[in-house]
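Here is how the chains run, residue by residue.
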Amino acid sequence: MATRMGVMGRPAPTADHASPSRARPVGVGIGVIGVGLLTATLIANLVAAADVGEDAVSVRETLAWSFGLTTMGLATVKFGIATVLMGILQRLWLRVESVKAALPELRGQSDGGVAPTGEIDTPYGAGVASTVAPGPLPIHRIARLLWTPMLAMGVMAVGTGLVLSLIQSSTSDGEDFRDLGAWVQGTQFLGEAFLLAGISFLLGSILGALREGGGEVQEATGRTVQTLKMPLPAKAFIALMAMAMMTLLAAIILHFVFAADIEATATSLEDAEQRFVVLEGVRRIGVGVYLFSILLGLATIVQVLRFQSVRIRELPREQRRAG
């Protein structure tokens, strides 16, 4: 679909707003595949559990490839979420064009009803009044540039980890099996971090579209353009997202360093195991903070939508006062 102004995910103004969304069924389908992969790993682990104490080699091999497949399943579900968010981003821009086309009669014949511009206070936070639609903030430009490569790198890293896990499951040498397992975990954790970053940047792109699109709708009516300043949840969203990414990257880098430093001695193996246990805890808190930042991003979208819904209802009243 053609884009406008180089904005990723924005359809052309002439696009058919009534056309069905392809992103929604595709995203749901991808999510179903992810759940199917996770179901397969559950069945494999149940079978392996029955072999514990009887066939240690088979159990070890099953746990190796099922770990890679589990991460792939989770990543597939995340990619399905990202696909649906892409569809939301496109539908949001289509809604902007539809509203702009439906409100030309609200354009005033004079500027007598236009309020002064500058800083304003709203029930939803501090804002700015202007005569034209605002442009994207730097963080919105960054989000539009990065969500695609982040998702792509996430898929590649998780896929690489899955291949390594299959190689690991067919390895009979104990030392090679252990080393490959460490690299599998590090590679797939890196993929998870990239996928979460892609989802976060997609949310940032949606917030940027709400900011610009809401301003364009108001500008099309000839009224004062009111825009919320960045709400506190949005600032926390950005800060926590950066903190979570740095935490995950630090844990992943240390994971690779420790994996390369393992020596075939009992003492070094014990030390390595302790390090990996600590890094697993760090990784989990990093993922938790990432998910919480995504929650704050969604909460910000709700806040902005409430503000814009109220603002749209104010436009006809302003037009009547101006007339």
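Conventions used here
- Residues numbered from 1 in each chain as written.
- Predicted model: local features only at pLDDT ≥ 70, side-chain atom pairs only at ≥ 80, totals over all residues.
- Heavy atoms only, no water.
- Core = buried A, V, L, I, M, F, W, Y, C linked by side-chain atoms within 4.5 Å.
- Buried < 20%, exposed > 50% of the residue type's maximum accessible area, 1.4 Å probe, protein only.
- Helix = DSSP H or I, 4+ residues; strand = E, 2+ residues; numbered from the N terminus.
- Contact = heavy atoms within 4.5 Å.
- Pairing = 2+ DSSP bridges.
- Salt bridge = Lys/Arg side-chain N within 4 Å of Asp/Glu carboxyl O.
- Axes fitted to C-alpha atoms, helices over the stretch in contact; angles between N-to-C directions.
- Phe/Tyr/Trp six-rings, centres within 6.5 Å; stacked < 30°, edge-to-face > 60°.
- Parallel < 35°, antiparallel > 145°, perpendicular 65-115°, else oblique.
- Left-handed = near helix turned anticlockwise from the far one by under 90°.
- Nonpolar A, V, L, I, M, F, W, Y, C, P; charged D, E, K, R; others polar.

1. Details of the nonpolar core
Moving on, step 1. Among the nonpolar cores identified, the biggest contains 44 residues, and Phe201, Ile206, Leu210 and Tyr290 are the most heavily contacted of them.
Moving on, step 2. Listing elements by their share of this core, those giving two or more residues are α2 (56-102), α3 (138-169), α4 (174-220), α5 (232-260) and α6 (266-322).
Moving on, step 3. Of all the elements, α4 adds the most residues to this core, at 15 residues.
Moving on, step 4. Among all residues touching Leu210, those that are not within four sequence positions of it are Leu92, Arg95, Ile301, Val304, Leu305 and Gln308.
Moving on, step 5. With six residues, the next largest nonpolar core counts Ala182, Ala259, Phe276 and Leu279 among its residues.

2. Focus: the pairing of strand β1 (residues 118-122)
Moving on, step 1. Summarising the sheet, β1 and strand β2 (residues 125-130) pair through five bridges and their orientation is antiparallel. Note on β2: the bridge partner recorded for Asp121 is Ala126.
Moving on, step 2. Between β1 and β2, which pair antiparallel in sequence order, lie two residues.

3. Observations regarding the pattern of salt bridges
Moving on, step 1. This structure, assessed with the given rule, holds five salt bridges.
Moving on, step 2. Residue Glu119 pairs with Lys229 through a salt bridge whose shortest N-O separation is 2.3 Å. Here the residue Glu119 occupies a position in strand β1, and Lys229 occupies one in the loop between β3 (225-228) and α5, the gap between them amounting to 110 residues.
Moving on, step 3. For Lys229, a relative accessible area of 35% translates into the label partly exposed.
Moving on, step 4. The partner of Glu212 in a salt bridge is Arg144, and the shortest N-O contact between them spans 2.2 Å. Linking Glu212 in helix α4 with Arg144 in helix α3, this pair joins segments that are 68 residues apart in sequence.
Moving on, step 5. Note on Arg144: relative accessible area 11%, which makes it buried.
Moving on, step 6. The structure contains a network of salt bridges with shared partners spanning Lys78, Glu192 and Arg283.

4. Notes on the sheet that holds β2
Moving on, step 1. Pairing is antiparallel across the open sheet formed by three strands, whose spatial order is β1-β2-β3. The outermost strands of the open sheet, each flanked by one partner alone, are β1 and β3. Strand-to-strand, the axes of this sheet are offset by a mean angle of 35°, without reference to chain direction.
Moving on, step 2. Relative to β3, β2 runs antiparallel, the two sharing four bridges. Paired with Gly127 across the two strands is Leu228, which belongs to β3.

5. Re the packing of aromatic side chains
Moving on, step 1. Within the structure shown, the criterion is met by three aromatic pairs.
Moving on, step 2. Pairing Phe67 with Phe189 gives two aromatic rings, centres 6.4 Å apart and planes at 75°, and the pair type is edge-to-face. In this pair, Phe67 sits in helix α2 while Phe189 sits in helix α4, placing the two residues 122 residues apart along the sequence.
Moving on, step 3. Using a relative accessible area of 8% as the deciding quantity, one classes Phe189 as buried.

6. Description of the packing of α3 against α4
Moving on, step 1. Between α3 and α4, the least distance of the axes is 6 Å, while the angle of their chain directions is 160°. Classified by the angle between their axes, α3 and α4 sit roughly antiparallel to one another. Relative to α4, the crossing made by α3 is left-handed.
Moving on, step 2. Each residue belonging to the contact of α3 with α4 can be placed in one class, and the counts come to 26 nonpolar, 15 polar and four charged.

7. Considerations on the environment of Glu216
Moving on, step 1. Counting through the fold element by element, Glu216 comes out in helix α4.
Moving on, step 2. Counting along the chain gives 82 residues from Glu216 to Pro134, while the straight-line C-alpha distance between them is 8.1 Å.

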